[in-house]
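Breakdown of the fold
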Amino acid sequence: MQGIEMSGITMRFGEKFALRNVDLTIHEGTIHAIVGENGAGKSTLMNVLSGALIPTEGTVRIDSEEAALRSPQDANRCGIGMVYQHFMLVQHLRVWQNIILGIEPANRIGTINKKQALEWIEDACETYGMQIDPEQETGKLTVGEQQRVEILKVMVRNARYVIFDEPTAVLTPSEIQLLLENIRSLKRMGKTIIFISHKLEEVFEIADAVTVLRLGEKIAAIDPKKVSADELITMMVG
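These numbers come from a predicted model, not from an experiment.

Counted under the stated rule, the structure contains two cavities of 30 Å³ or more. When its volume is computed, the largest cavity comes out at roughly 80 Å³. Forming the walls of the largest cavity are G144, Q147, R148, I151, L171, E175, L178, L179 and N182. Breaking the lining of the largest cavity down by element, the ones donating at least two residues are α5 (143-156) and α6 (173-188). In terms of residue class, the lining of the largest cavity is made up of four nonpolar, three polar and two charged.

Here's what the structure looks like:
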């Protein structure tokens, strides 16, 4: 299949299980929500998919091919990018420097090719309908603008699968609506979105499929059009 298959994912820290035998199937070109209470294992599961954590057990397949995701660089090479809830930005750097951090284009004498970097960013902004001043100091941006920088970081790396970890937790209502529209736009362009949230109104608004986690275990994989909010809450809390 085209998409992501996670099978038997188990994550143990000492005697404690953060995840226990979790299966997850994400079809290409969809918005797939992962829901659950705090401590359910949502972020841990996505940290496995993004290469930030190596699971105790389990396998990941991308487009039916087994993938060894032992670092975020491995995940990037497989087309997976993650927009973190707590932004991974260097506040004193310019926007353009943050976006290309780690993949800096070099000119013939080995220094950063700023012209090439700005062209990458301009192309990404045009393609994905985002606006940002690349010369602005990152620490002076609003929270919503900083999140846009994080999204552009992922897009410049040509991610096909984009993970959003609790992306609306720190946004204003107007910024939330702009983000949700950006996510819909990414889907229309063929991207696959994994949306981690405990805000069910947002899940019902944009998700094509939902996986429910509780205490590190998968409880259900459901079509959000076929359940009510109360039923979903019952699955989340038991």
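Another point: the side chain of D63. Along the chain, the position of D63 falls in the loop between β4 (57-62) and β5 (65-67). At a separation of 2.9 Å, a polar atom in the side chain of D63 contacts the side chain of R160. Side-chain polar atoms of D63 contact the side chain of Y161, separated by 2.9 Å.

Bridging between strand β9 (residues 209-214) and strand β10 (residues 217-222) involves five bridges; their strand directions are antiparallel. Note that in β10 the partner of V210 across the bridge is I222. What sits between the antiparallel neighbours β9 and β10 is a turn of two residues, in which L215 has the positive phi angle 50 degrees.

On to the layout of surface pockets. Gaps left between atoms show up when a probe the size of a water molecule is rolled over them. Of the voids in this model, the largest pocket is the one considered here, and its volume is about 430 Å³. Forming the boundary of the largest pocket are 18 residues, of which P72, N76, Y84, K153 and R157 lie nearest the centre. Those elements giving two or more residues to the lining of the largest pocket turn out to be α2 (72-77), β6 (80-83) and α5. Here the lining of the largest pocket gets four residues from one element, more than from any other, and that element is α2. Partitioned by chemical class, the residues of the lining of the largest pocket number nine nonpolar, six polar and three charged.

Criteria and cut-off values
Residues numbered from 1 in each chain as written. Predicted model: local features only at pLDDT ≥ 70, side-chain atom pairs only at ≥ 80, totals over all residues. Heavy atoms only, no water. 1 Å grid on protein atoms, 1.4 Å probe; cavity = no way out; pocket = protein on both sides within 12 Å on 5 of 7 lines; lining within 4 Å. Points joined across faces, edges and corners; volume = space filled by probe spheres on them. Helix = DSSP H or I, 4+ residues; strand = E, 2+ residues; numbered from the N terminus. Nonpolar A, V, L, I, M, F, W, Y, C, P; charged D, E, K, R; others polar. Polar contact = N/O pair within 3.5 Å; in protein donor to acceptor, adjacent residues only side chain to side chain. Pairing = 2+ DSSP bridges.

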